[in-house]
Amino acid sequence: MIHKYYLNGYYIVLDTNSGAVHVFDELPYLMLDFFTDSVPEQQPEEIKKKLLGRFSESEIDEAYGELLELYRSGLLYSGDEYEQFCDMLRDAPVKSMCLNVAHDCNLRCEYCFAAKGDFGRGRMLMPFEVGKRAIDFLIEQSEGRHNLELDFFGGEPLMNFEVVKKVVDYARSIEKQHNKNFRFTITTNGLLLTDDKIEYINREMSNVVLSLDGRREINDLLRVRTDGRGSYDRIVPNYQKLVSTRGDKDYYVRGTFTTHNLDFSKDVLHMAELGFDQLSIEPVVSDEKLEYSLKEKDLPSVFEEYDRLANLLIQRRKEGKGFNFFHFMLDLDQGPCAIKRLRGCGCGNEYVAVTPEGDIFPCHQFVGDDEWKMGNILQGTFDRSMKARFAQYNIYSKKDCRNCWAKFYCSGGCNANSWQYEGDILKPHTISCKLEKKRLECAIMIKAALADTE
């Protein structure tokens, strides 16, 4: 299987199964349209008839030879060697957890998937005893894994910052005796950031996610406080202070774009000009009936904007003012392991979420839907049969993914989005799929463009 496309002056061909990426001249790129059964194993006399006049016979022969060599080397129309690994997709030890320390928030973001902070379950903060038991649970369920990850999440986790600190202290106090190493992350809207919190986060958190939608007028349209005021003027100086003192530790500024800012490349550029160089702006995923939701009719505009953003990133890199954009970060040399390619994030299997009440869900986006409740850490219950089902979800169990050229990069997409908007975990969310494919095309093109400058 191959995927071919033309973008920004580049004729690009991706060989799906081998992962090989080719940047061709026009002739071999066009020639690929004429191969029968996807196998270029015989002299293309019919191809010559179709291309002679536009290209010379010697040019056609040379291009054909190049394609045949790639085919015989396993870099073009290669076979699928991954499905055999499906038998390895077994129930695995838990390695990461989203700890919802706050089902409350001091913002009321209109598009919030968490029902504006409380996940539809009532506003509450996690007691320390629940956080402590969550650490015990993660250690117990991780079995022989050494490196464990925990994301403090909400709502807004800084509303329960004392519990965050106590949980970190507890984990650090016992990790060595269990041969574990915790890596902590916190996701915040920034309103409650103070100098002491910034100092603590930069010391203890391996990563921090800072929520900002971009330009002031865009951010303050939907990311509003409980009294309706915007949040931009308060949070941007806080983020700038945090990032300027973070050193080489990871962070990224994460936004959401809606129909209100289909020109979202301007928001990415605005965030870069504020001094942030690790950026993400995600498409809103919501009911299409909502006025701010992305719809099929919006996709051409969104695709054009991704093209614009890709070219902007290339230009900035060449000028020495580059930044990383999460959805364009792509490792074509190594990439994820086979199992990661087959089933993605590990939701419900290697990754779980825990609520302030101690309830366990497959991930933070399933929280609030009791159909997917996996147990409770205080009651000592954990539905291992549900865990085993999640372990088996993969790109070959999803009909729409099996023959998709992008399957090894998106790994089947988000299970929660599939359930919430398609009604079936095994049916990928249509709009998300189309956006992912476009971003992948842009990411590969960026690699080609920057390689030209090296």
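What counts as what
- Residues numbered from 1 in each chain as written.
- Predicted model: local features only at pLDDT ≥ 70, side-chain atom pairs only at ≥ 80, totals over all residues.
- Heavy atoms only, no water.
- Pairing = 2+ DSSP bridges.
- Helix = DSSP H or I, 4+ residues; strand = E, 2+ residues; numbered from the N terminus.
- Axes fitted to C-alpha atoms, helices over the stretch in contact; angles between N-to-C directions.
- pLDDT = per-residue confidence, 0-100.
- Core = buried A, V, L, I, M, F, W, Y, C linked by side-chain atoms within 4.5 Å.
- Buried < 20%, exposed > 50% of the residue type's maximum accessible area, 1.4 Å probe, protein only.
- Contact = heavy atoms within 4.5 Å.
- Phe/Tyr/Trp six-rings, centres within 6.5 Å; stacked < 30°, edge-to-face > 60°.
- Lys NZ or Arg CZ within 6 Å of the ring centre and 35° of its normal.
- UniProt positions renumbered as here; feature names shortened; annotations may be inferred.
- 1 Å grid on protein atoms, 1.4 Å probe; cavity = no way out; pocket = protein on both sides within 12 Å on 5 of 7 lines; lining within 4 Å.
- Points joined across faces, edges and corners; volume = space filled by probe spheres on them.
- Nonpolar A, V, L, I, M, F, W, Y, C, P; charged D, E, K, R; others polar.

A. Summary view of the sheet that holds strand S3 (residues 21-24). In space, the three strands of this open sheet follow the order S1-S2-S3, with antiparallel pairing throughout. Here the strands that pair on one side only, and so sit at the sheet edges, are strand S1 (2-7) and S3. When strand polarity is set aside, the average angle formed by the axes of neighbouring strands in this sheet is 20°. Sheet topology places S1 next to strand S2 (residues 10-15); six bridges connect them, and they run antiparallel. Its bridge partner being in S2, Tyr 6 is matched across the sheet by Tyr 11.

B. Region of the structure containing the confidence of the model for the chain. Put simply, the chain has an average pLDDT of 91, and 95% of its residues get 70 or more. Ranking the elements of the chain by mean pLDDT puts helix H11 (residues 338-343) last with 67 and helix H5 (residues 161-174) first with 98.

C. The arrangement of the nonpolar core in detail. One finds Leu 99, Phe 152, Leu 212, Phe 276 and Phe 328 to be the most contacted residues of the largest nonpolar core, which totals 116 residues. If one sorts the elements of this core by residue count, helix H16 (residues 430-451) sits on top with 11 residues. In this structure Leu 99 touches Met 126, Gly 131, Ala 134, Leu 150, Asp 151, Phe 152, Phe 153, Val 167 and Val 354, once residues within four positions along its chain are discounted. In terms of nonpolar packing, the next biggest core, distinct from the first, is built from 19 residues, Val 13, Leu 27, Phe 55 and Ala 63 among them.

D. Highlighting the pairing of S3. Here S3 shows a clear split, with His 22 and Phe 24 buried on one side and none of Val 21 and Val 23 buried on the other. Two strands pair when backbone bridges link them, and S2 and S3 are joined in this way by four bridges, in the antiparallel orientation. Within S3, the residue paired with Tyr 11 across the bridge is Phe 24. Between S2 and S3, which follow one another and run antiparallel, lie five residues, and Gly 19 among them has a positive phi close to 80°.

E. Inspection of the packing of aromatic side chains at higher detail. Applying the stated criterion to the full structure yields 19 aromatic pairs. Centre to centre, the rings of Phe 182 and Phe 184 are 5.6 Å apart; their planes meet at 5°, and the pair counts as stacked. Residue classification places Phe 182 among the buried residues on the basis of a relative accessible area of 2%. An aromatic cluster is built from Phe 257, Phe 264, Tyr 306, Phe 325 and Phe 328, whose rings are joined through pairwise contacts. When the ring centre of Tyr 29 is taken as reference, the NZ or CZ atom of Lys 4 above it lies at 3.6 Å.

F. Structural context of the sheet that holds strand S13 (residues 351-354). Sheet architecture is open: 11 strands sit in the order S12-S11-S10-S9-S8-S7-S4-S13-S14-S15-S16, paired in mixed fashion. Two strands bound the open sheet, and with one partner strand each, they are strand S12 (324-325) and strand S16 (381-382). By the bridge criterion, six bridges tie strand S7 (residues 147-153) to strand S8 (residues 181-188) in an arrangement that is parallel. Bridging across to S8, Phe 152 finds its partner in Ile 186. Contacts from helix H8 (residues 232-244) reach S8 and strand S9 (207-211) within the one sheet, and its direction differs from that of S9 by about 160°.

G. Fine view of the UniProt feature "domain: Radical SAM core" (unreviewed entry) in the chain. Per the UniProt entry, the sites bearing "domain: Radical SAM core" (unreviewed entry) are residues 91-324 in this numbering. Counted over residues 91-324, helix gives 38% and strand 18%. Its end C-alpha atoms are 34 Å apart.

H. Fine view of empty space enclosed by the protein. Counted according to the given criterion, the structure contains four cavities of 30 Å³ or more. Space inside the largest cavity adds up to approximately 70 Å³. Considering each element in turn, the lining of the largest cavity owes the most residues, three residues, to H16. For the lining of the largest cavity, the per-class residue count stands at six nonpolar, four polar and one charged.

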